[in-house]
Amino acid sequence: AMAREDPRVLESMDAFLYERGNSILERAEGVSLARASGMGVWPYVGEYNNWPRTIYNGFDFEQQIFTTVMFGGSPILALPWGYVGHAANRRYVGYPFGVLKEHEGEFAGFHNYPYAAVVYGYGTPPGHAQSGNWWGADVRTATLGAFAALLYGHLQVSSVNDSLLDHAEKLAAYKVLYLADVPYLSEARLANIRKFVREGGGLVASYGSTLFGAAAGRGNPAARSGGGRGLRVPAGEPAKTLEHFGLEDLLRAAPIEPAGELAEVLSNYRSMTGGPYDLYLADRQRPELQGLTPLWYFQPVKALAGGEVWKEIVTGDGLRPILPGVIVSQYGQGRVVYCASALESLYLQQNSSAVGELVRSLVAKAAPVAPPYEVEAPAALIANLTAKDDVWVLHLTNWTGDKLERAGANEYYLAPVENVRVRLTIPAGKR
C-alpha cells in the first residue's frame, strides 16, 4: 500500500496501522519498511483464519509479537478479550508482552541499525516476469528474496521504500544499497545513487535493474523531475527495455543479444534442468564443482572497460565459461557489484543454501566496512540490531518453523536454537 500512495501522502504521515498477514518473513520486511521510512507502525497480530481467532494460535501469536517488536513495530491484538478467560493459551500473549514490559527501556527510542538496504519492489514491467516448470521470477519475489537471504544469513538488513532514493542524505546512512531486479528508476534517483556510491557506499544490482524506462535509449526523460510513484514507469508511458542500463556507468555491464555460436549454446543449455546441460555461476579464478552456484533466469551481458568479471556463467559439462555472471567495478570511493542472474527469486522459492551464500557474498563484496555483528546459528534464528545513541541492542528470535511458513497455517511447536555465537564489531573510537 505504501508503494501505491502518492509520495506526498507518506511525507505527511507520522505512523500508520495495518493488518499484517502472510508469513513472518513478510512481517519482518513490512515493519522494517515502515521504520526505515521514519514512521511508526502498529501491525495486527494474527490473521483472518483459524476461528476462533482468540485462542489456539499458540506460538504463531508469540513469535509474531516478538518479530514485530524486534524490527521496531508495536503489535496489536485484534481480539484480546478471549485470552482473559482462556488460561491455557494466555501464556502465548502474556509471556511476550511481559518481556516487553520488563525491558521497555531497551525498545523505546531505538531505531533499526542501518547497514544493507534492500529496495522494496512490486511492479514488474510487461513481459519481464519469467515462469518455468518449478519456479518463476519477478520483481516482488526478487526484492523479498534478497531481504530473506540476508535475514536468514544473519546479515543486518533493512527493507526500504523506494522514496529513500529521493533523499541523498537519508540514503547515506546505509553502507550497501541492494537493487534486486529493480527495473525502473528516475533520473533523479539514479543521480542520488551515483552520489551514494561515489562517496563510498556499496551498490549491489541484479538481473534487469535499471534496464527499463519510458523512452528508448539512455536515461528515462519522462521522469527527470523526480521520483514519481514507486518503481513504475510514469502513467501513460509504455514500459520498454532500454539499450543500456540506466546505471551503466556504475555497473560496467551492457546487455547483449546472443548470436551465432553463443546463441546455439544457450539453446542447448538451460538453468535448472537437472543434469550436465545446466548452467551455473563459477569463480573465474578457480572454477570447481564444490564452488558452483545454480543459475536462474539471467540477462546476457558483456563486461565494459573498468568492469572485472568475478563469476562466470559456465556449462555443467566441463565448466566452460560462456558469459559474465557477476561483474565488479569501482566508482569514486565505492564498489559496485552486478549479478546477471535473478538469484534472489530462486532463493525465496527454493531456499538453496548455495544461492543464499552467493547473495550474501555480493553484499560482502560491495560493502565498504564489515557488518556490525556476526551470528553463528541456523536460519531458524533471526537477528536485528537496534541502536540509540551509544547503546546497541541485538534482538535474537526463534523462527516459528519453515515447514509451516505460509499464510493461514499455525505452528504448535517452537524448535530450540542452541550454541549461538555472536561477535560484535566495535565502531572506531568506541569500546
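Residues numbered from 1 in each chain as written. Predicted model: local features only at pLDDT ≥ 70, side-chain atom pairs only at ≥ 80, totals over all residues. Heavy atoms only, no water.

Q: Whenever I open this one, the overall build of the protein confuses me. Can you help?
A: In terms of helices and strands, the protein carries twelve helices and 23 strands. Restricting the contact set of the protein to residue pairs at least 6 apart, pairs at least 24 apart contribute 72%. By element, 51% of the accessible surface of the protein is carried by carbon and sulfur atoms, the whole surface being about 19,300 Å². (Helix = DSSP H or I, 4+ residues; strand = E, 2+ residues; numbered from the N terminus. Contact = heavy atoms within 4.5 Å. Areas by Shrake-Rupley, 256 points an atom, 1.4 Å probe, with all protein chains shown as cover.)

Q: Would you explain the pairing of strand 8 (residues 157-160) in this entry?
A: Along any regular strand, the residues point their side chains to alternate faces of the sheet. Covered by surrounding structure in strand 8 are Val157 and Ser159 together with Ser158 and Val160, the residues of both alternating faces. Of the pairings in the sheet, the one linking strand 5 (residues 116-119) to strand 8 comprises four bridges and is parallel in character. Bridge assignment links Ala117 to a residue of strand 8, and that residue is Ser158. (Buried < 20%, exposed > 50% of the residue type's maximum accessible area, 1.4 Å probe, protein only. Pairing = 2+ DSSP bridges.)

Q: Teacher, can you tell me more about the confidence of the model for the protein here?
A: In low-pLDDT regions, the fine details of the predicted coordinates are not to be read closely. For the protein, per-residue confidence averages 87 on the pLDDT scale, and residues scoring 70 or more make up 87% of the total. Predicted confidence for residues 215-230 stays below pLDDT 50, and this span has 40 contacts to residues more than four positions away or in other chains. (pLDDT = per-residue confidence, 0-100.)

Q: Explain the pattern of salt bridges to me, please; I cannot follow it from the model alone.
A: Oppositely charged side chains are able to pair whenever their charged atoms sit close together. Taken as a whole and assessed by the stated rule, the structure comprises ten salt bridges. Two residues, Asp162 and Arg189, come together in a salt bridge whose shortest N-O distance is 2.5 Å. Remark: Arg189 occurs in helix 8 (residues 187-198) and Asp162 occurs in the loop between strand 8 and helix 7 (168-171); sequence separation between them is 27 residues. Here Asp162 matches Arg189 in class, with each residue buried. Under the relative-accessibility criterion, Arg189 is labelled buried at 1%. (Salt bridge = Lys/Arg side-chain N within 4 Å of Asp/Glu carboxyl O.)

Q: For this particular structure, what's the right way to read helix 6 (residues 139-152)?
A: Each α-helix winds once per 3.6 residues, and so residues spaced three or four apart point in a common direction. For helix 6, spanning 14 residues, the distance from its first C-alpha to its last is 20 Å, which sits close to the expected 20 Å at 1.5 Å a residue. Along helix 6, 13 of the 14 residues are buried, which leaves the element largely enclosed by surrounding structure. For helix 6, the capping residue at the N-terminal end is Asp138, with a side-chain oxygen 3.3 Å from the backbone nitrogen of Arg140. (Expected span 1.5 Å × (residues − 1). Polar contact = N/O pair within 3.5 Å; in protein donor to acceptor, adjacent residues only side chain to side chain.)

Q: How should the sheet that holds strand 2 (residues 40-45) be read in this particular structure?
A: Note: strands within a sheet are paired through backbone hydrogen bonds, in either parallel or antiparallel orientation. The parallel open sheet is built from three strands, whose spatial order is 1-2-3. One side of each edge strand has no neighbouring strand; the edge strands of this open sheet are strand 1 (15-18) and strand 3 (76-77). Bridge count for strand 2 against strand 3 is two bridges, and the pairing is parallel. Paired with Val45 across the bridge in strand 3 is Leu77. Packing against the sheet, helix 3 (residues 58-70) makes contact with strand 2 and strand 3, and its axis sits at approximately 175 degrees to strand 2. (Axes fitted to C-alpha atoms, helices over the stretch in contact; angles between N-to-C directions.)

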